[in-house]
Number of protein chains: 2
Amino acid sequence: MSERNRERWKQCCRATAKRLPVLTWLPKYSLQWLQLDFMAGLTVGMTVVPQALAYAVVAGLPVQYGLYSSFMGCFIYCFLGTSKDITLGPTAIMSLLVSSYAFDDPDLAVLLAFLSGCIQLAMGLLHLGFILDFISYPVIKGFTSAAAVTIGFNQVKTLLGLQHIPKQFILQVYYTFCRISETRAGDAILGVCCLIVLMVLQQMKKSIPRTHLMETLPVRISRYIIWTTATARNALVVLLAGLVAYSFQMTGSQPFSLTGTIPQGLPLFQPPPFSIITPNQTIDFKEMVQDIGPGLAVVPLMGLLETVAIAKAFASQNNYQIDANQELLAMGFTNLLGSFVSSYPVTGSFGRTAVNAQSGVCTPAGGLITGALVLLSLAYLTSLFYYIPKAALAAVIICAVAPMFDARIFRTLWQVKRLDLVPLCVTFFVCFWEVQYGIIAGVMVSGIFLLYPLARPRIKVVRDKAIVIKPENGLQFPAIDFLQDTVHKQALSEPQQYNVILDCSHISNIDYTVVLGLSELLQEFQLQELCLIFIGLQAHVLEVFQAADLKGFRNFSTLNDAEKSLGELHVATEDMLDDNSSILTTTGIIQ
Amino acid sequence: MSERNRERWKQCCRATAKRLPVLTWLPKYSLQWLQLDFMAGLTVGMTVVPQALAYAVVAGLPVQYGLYSSFMGCFIYCFLGTSKDITLGPTAIMSLLVSSYAFDDPDLAVLLAFLSGCIQLAMGLLHLGFILDFISYPVIKGFTSAAAVTIGFNQVKTLLGLQHIPKQFILQVYYTFCRISETRAGDAILGVCCLIVLMVLQQMKKSIPRTHLMETLPVRISRYIIWTTATARNALVVLLAGLVAYSFQMTGSQPFSLTGTIPQGLPLFQPPPFSIITPNQTIDFKEMVQDIGPGLAVVPLMGLLETVAIAKAFASQNNYQIDANQELLAMGFTNLLGSFVSSYPVTGSFGRTAVNAQSGVCTPAGGLITGALVLLSLAYLTSLFYYIPKAALAAVIICAVAPMFDARIFRTLWQVKRLDLVPLCVTFFVCFWEVQYGIIAGVMVSGIFLLYPLARPRIKVVRDKAIVIKPENGLQFPAIDFLQDTVHKQALSEPQQYNVILDCSHISNIDYTVVLGLSELLQEFQLQELCLIFIGLQAHVLEVFQAADLKGFRNFSTLNDAEKSLGELHVATEDMLDDNSSILTTTGIIQ
């Protein structure tokens, strides 16, 4: 093999490894890693199964769809992911979004997963990840806090066993309080008990101190048992609640609302539904896409946002780098292939990623174990899920979303930067009306904060021999009207009119609208027999002016030169006035 | 009257005069002004009557609606307008927009005028005129050029007497050429003759030299006749074509398509239609608004844009100032009250404003004469309009829109600023598909050009003792990811890691997302036992940092101080390393 071929081969390998990150860690894989990955995978699996059942309810779909959505991400991310911690799967926020766009129709939800996957793949290939940069932190916080309230409150009715509550948040709050007297005692007692147990275990987990090497074995084992119990708390609570419900069923009475029958077995591998055939009518692909509507933009983007935000948080915490575009590809493939096994759109889950990281996962291989556990549950455990009380699942969701509501951010922003409270509050409150409007309103408000200074830039005015006007942060087309007004006010509208020196040293880029506006100003100054002189032009800005060939355009490098020339001009003008001829054509300085 | 009351009275007068500009010129009104205003008003009237008939056809409405729309603007602008030259009325572009949103339904068009008026008034009261700053010159040029082509080609079928041609531009071009053989000889010959006469008169007007005082009276009179003929060319051509058609009618044959019967008399003064009752169904207000759809944004905004652009052009040419918000109010009132006399949306007309200015108008009072002329035509001449050949009106429109197409702008932008060709071409070509999409696409493309530098700002990196990183054009939230990546690449990812000094002297404003991103960076530097030091913070930026209370935040005013502190730290670190203790807690410089 020649030197050149070898070089090519190396490049090719590097490119492949970038697109298939599994190739970078698989050769180094060790038995110790396997052990840790296995334990982490198992722990995450114990969390994902009850959460998947619960989130499917949030999404308005039959519970088995939660499990259908939980395994594809584990397998795909293992090959394509760049972060060891991330786990893809159903999440609270994504389920909320799916419920607003798929209208409780599994076919629409699966098609949405397929289309989201396509869009995310396209964005990844076109390197469009930078769009996320325009979603500011207050908007994200406003959205997640509102989502936590919406999702959490949505579960209160299930926790209390209330029925026929509308979906819209504000109506939901109203009717939940109206019908509070219809609370079913069994559901309410079980739900509150589950909630308390979950909260206690959550607190216990937070307060476990780190293991030290000097401790005795029994101490370490008991700590490990507490840690495992606390980490697998969701699975334990759901299991216990199920056992209680089963016992009641055996005695013949049933005080709880149960999950009910779930179809047994793995989902079929089949293309997502591109049309829905009902006895009455056929809904074709175009109509389905129209039904989903803005979801086609919101779901892929929020999915991407959630994954990247989580990946960044853990990469920074555990000190490694992630590749946002590669994450986009991994998620795109997961949604695309997921839709072939009836998955609804998935994304990175903050809660399970944290569990994964704390369990000491070493590589994305942990996901294989998680995925296998989900598949096993689907194959053998679905008949047992019949007995899971709905109130227990509601408690699991409430505990999962509670930490997402961050009340402190309001205080922090009040202290640090009050203006940022505006996008936060706009997003937060509009999200209660409709999620996508909240995000759009927030992004637009922060967009206005970005754009307004472009239209009303800071302009420094110094009155010397002439008036020196200096835009301080560049000059782009939205600002040209404002500059013209400023020049008019300062130099042309007063009883006495002045020459103007325009200091362009902070202008690094200029567009044609600005050139045109300046040429209008030049004309007006000539009409008044005054001078408008440019100084401090950067080379490529000067090129643009020269190409435009403005009448009466003059430039100097420094303020001194400009003022000197104005002085000369002044003397020349006084001479000329005796001759009664135009100074502009005679002095010959005009280009 | 006390001194204080007098002061209040003066302020009140000034405020009233600002809102009713008629008060500023009426007291000074003279007989000479009246003479000039009368002539100008008459000349504009001779132009507006044939144009109004023609533009109504462009808007897809019965021809009388053109005249209904032509007089309210004249009266209202006389009281509320700030420019002496502007004439409000139906225009080619507005008619094109109305035809896309009102679907040839006069009721929808009148309602659109009412709603546009309300929106424009609201914008004027809220001082939202600055929105126009975000429409760049290339977008305006692309739109007007595409509109000229669309409107002009739209008339070719009328000029040739072709029938059953679809409305969509691309299909129109296709079918016009397909059916070229069906051309009606009479229409085609008349149309081309009118076109030639109009073009010749237009050229003649351009080439008339200015009058000199020394010329003899006969020369001046003949020049005045030519000027009047050329200025009133539209009225003359339509009149002559009408006479020819009338003569043919008298002989019993009619080779031309005629305008046909027009209802006689003035329009009723009645509220705009808030619902449409047809024999089959009733369309209520909500459905009508839904039908108009995006027109509610596009029509008021483009109307405003056209008026302000024209007002600015003539204000700058004739050396006076206009008040954009007052123009907005004048136009809003015109559309609002116009809808009570069955007007469709109107705006400033470039062609007629130019005629007005050239006729030497002195005050907006000229509009009263124009308005009166339109009312007289409606009252007494409508029966004569029956004989106006459609081909003659088509020729009037083609000549009116031809100057709007500006082919040179493509060459100019190529020479001056090639990047600006992108919004121009996007707007130009997408406008052929649908006008509003063209404008939106153009505004979005120029918006991306504005926003991209905010997300990828120029960052200067200098490698000295430490790495000095300096964002050159401010730092806002879309840029924080990019800054983090830059710092990672420069200082943290190489085999050897460096301290970083962040020079913030160009940062004049900071938001919470940026603060958070910087605090993440600070954490990472502390994890690596490196320093991230800030220099050149402006006072209010420093306040934000202090309020955020970042861990490990240190700032110095100059680079020298920062480097000196790093030097001391370096010495300290080397000392410390022997003690094996953490430098960060010991040196005590950390806040």
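On a predicted model such as this, the values are computed, not experimentally measured, just so you know.

Trainee: Give a detailed account of the overall build of chain A, specifying residues and quantitative values.
Mentor: In terms of regular secondary structure, chain A is built from 26 helices and 9 strands. Taken over C-alpha atoms, the radius of gyration comes to 33 Å for chain A, far larger than the 25 Å a tight globule of 591 residues would show. In terms of its C-alpha atoms, chain A occupies a principal-axis envelope of roughly 120 × 75 × 65 Å. Within chain A, the fraction of its 591 residues that count as buried is 52%. The contacts in chain A between residues at least 6 apart in sequence include a share of 77% that link residues at least 24 apart. Surface summary for chain A: the accessible area is close to 27600 Å², and the carbon and sulfur share equals 63%. Each charge class in chain A can be summarised by its mean position, and for the 38 positive and 39 negative side chains these summaries are 16 Å apart.

Trainee: Describe the nonpolar core, naming the residues involved and giving the relevant values.
Mentor: Counting 105 residues, the largest nonpolar core has Leu-67, Leu-97, Ile-151 and Tyr-344 of chain B as its most contacted members. For this core, the element with the most residues is helix α14 (residues 295-318) of chain B, which contributes 11 residues. When sequence neighbours within four positions are dropped, the list of residues in contact with Leu-97 of chain B reads Val-298, Val-299, Met-302 and Val-435 of chain B. Formed by 104 residues, the second largest nonpolar core is a distinct cluster that contains Leu-121, Ala-148, Val-341 and Leu-378 of chain A.

Trainee: Can you lay out the sheet that holds strand β5 (residues 459-463) of chain B for me, pointing to particular residues and giving the numbers?
Mentor: Residues and elements named next belong to chain B. One open sheet accounts for 5 strands, arranged β5-β6-β7-β8-β9; its pairing is mixed. Of all the strands in the sheet, just β5 and β9 (555-556) have a single pairing partner and so form its edges. Pairing analysis gives 3 bridges linking strand β6 (residues 467-471) to strand β7 (residues 500-503), with the strands arranged parallel. The residue of β7 that forms the bridge with Val-468 is Ile-501. Against the sheet, helix α23 (residues 512-527) contacts β7 and β8 (532-535), and its axis sits at roughly 140° relative to β8.

Trainee: Any chance you could break down the relation of the copies chain B and chain A for me, citing the residues and the numbers?
Mentor: With an axial shift of 0.0 Å and an RMSD of 0.1 Å, the rotation relating chain B to chain A amounts to 180°. The superposition of one copy onto the other is thereby described by a two-fold rotation axis. For chain B, the residue whose C-alpha comes nearest the rotation axis is Asn-473 of chain B, separated from it by 3.4 Å. Same-surface contact between copies: 100% of interface residues of chain B are shared with the interface of chain A.

Trainee: Residue-level account of the pairing of strand β8 (residues 532-535) of chain A, with values.
Mentor: Residues and elements named next belong to chain A. Across the two faces of β8 the burial is the same, with Leu-532 and Phe-534 and Ile-533 and Ile-535 all buried. Where the polypeptide runs from strand β7 (residues 500-503) across helix α23 (residues 512-527) and back to β8, its parallel neighbour, the crossover connection is right-handed. Pairing geometry for β8 and strand β9 (residues 555-556), over 2 bridges, is parallel. Its bridge partner being in β9, Phe-534 is matched across the sheet by Asn-555. In the classification by handedness, the crossover that spans β8, the intervening helix α24 (residues 539-548) and the parallel β9 is right-handed.

Trainee: Can you explain the packing of helix α6 (residues 92-102) of chain A against helix α8 (residues 137-160) of chain A? Please cite residues and give values.
Mentor: Residue and element names in this part refer to chain A. Between α6 and α8, the shortest axis-to-axis distance is 10 Å and the interhelical angle comes to 75°. With respect to their mutual orientation, α6 and α8 come out roughly perpendicular. Facing α6, whose interface residues are Ala-92, Ile-93 and Leu-96, α8 presents Phe-143, Thr-144, Ala-147, Thr-150 and Ile-151. For the contact of α6 with α8, the per-class residue count stands at 6 nonpolar, 2 polar and no charged.

Trainee: So what's going on with the packing of aromatic side chains? Residues and values would help.
Mentor: Within the structure shown, the criterion is met by 50 aromatic pairs over all chains. When the ring of Phe-114 of chain B is compared with that of Phe-340 of chain B, the centres are 6.4 Å apart and the planes differ by 65°; the resulting orientation is edge-to-face. Here Phe-114 of chain B is found in helix α7 (residues 106-125), whereas its partner Phe-340 of chain B is found in the loop between α15 (324-338) and β4 (347-348), with 226 residues between them in sequence. Over the ring of Trp-414 of chain A we find Arg-418 of chain A; its NZ or CZ atom is 4.1 Å from the centre of that ring.

Trainee: Describe the UniProt feature "transmembrane region" (unreviewed entry) in chain A, naming the residues involved and giving the relevant values.
Mentor: Those residues carrying the UniProt feature "transmembrane region" (unreviewed entry) are residues 38-57, 109-132, 185-204, 224-248, 361-381, 387-409 and 421-452 of chain A in this numbering. The distance separating the terminal C-alpha atoms of residues 361-381 of chain A is 26 Å; by composition the span is 76% helix and 0% strand.

Quick notes on the rules
- Every chain is numbered on its own, with residues counted from 1 as its sequence reads.
- Working convention: letters from A go to chains and numbers from 1 go to ligands, in the order in which they are written.
- Only residues with pLDDT of at least 70 get local features here, since the model is predicted, and only at 80 or more are side-chain atom pairs given and counted; chain-wide, interface and lining totals rely on the full set of residues.
- Hydrogens and water are ignored here; the side-chain numbers use all heavy atoms of the structure.
- Put simply, DSSP H or I for four residues or longer makes a helix, DSSP E for two residues or longer makes a strand, and each gets a number counted from the N terminus.
- Taken over C-alpha atoms, the radius of gyration is set against a globule rule of 2.2 Å times the number of residues to the power 0.38.
- Only protein chains enter the accessibility calculation, which uses a 1.4 Å probe; a residue is then buried when its area is under 20% of its type maximum, exposed when over 50%, and partly exposed in between.
- When checking whether two residues touch, look at their non-hydrogen atoms; a contact exists if any pair is within 4.5 Å.
- Only the protein chains shown count as cover for residues, with accessible areas throughout obtained via the Shrake-Rupley method and a probe of 1.4 Å.
- Charged-residue counts in this description rest on Lys and Arg as positive and Asp and Glu as negative, His and the chain ends being excluded.
- Charged groups are reduced to one reference atom each: NZ for lysine, CZ for arginine, CG for aspartic acid, CD for glutamic acid.
- Only buried residues count toward a nonpolar core. Its members are Ala, Val, Leu, Ile, Met, Phe, Trp, Tyr and Cys residues joined through side-chain atoms within 4.5 Å.
- Here a strand pair is declared whenever DSSP counts at least two bridges between the two strands.
- Here the axes come from fitting lines to C-alpha atoms, over the contacting stretch only for helices, and the angles between their N-to-C directions go from 0 to 180 degrees.
- To superpose the copies, least squares is applied to the C-alpha atoms of every residue with a pLDDT of at least 70 in both.
- Convention used here: a crossover is right-handed provided that the path from the first strand, over the helix, to the second strand proceeds clockwise when the strands point away from the viewer.
- When describing relative orientation, an angle under 35 degrees is termed roughly parallel and one over 145 degrees roughly antiparallel, while 65 to 115 degrees is termed roughly perpendicular and anything else oblique.
- Three categories are distinguished: nonpolar for Ala, Val, Leu, Ile, Met, Phe, Trp, Tyr, Cys and Pro, charged for Asp, Glu, Lys and Arg, and polar for the others, with Gly belonging to the last.
- Under the pairing criterion, centres of Phe, Tyr and Trp rings, with the six-membered ring standing for Trp, must be within 6.5 Å; the plane angle then separates stacked pairs below 30 degrees from edge-to-face pairs above 60, leaving the rest tilted.
- Two conditions define a charge sitting above a ring: the NZ of Lys or the CZ of Arg must be within 6 Å of the ring centre, and it must be within 35 degrees of the ring normal.
- UniProt positions are given in the numbering used here, feature names are shortened, and annotations may be inferred rather than shown by experiment.

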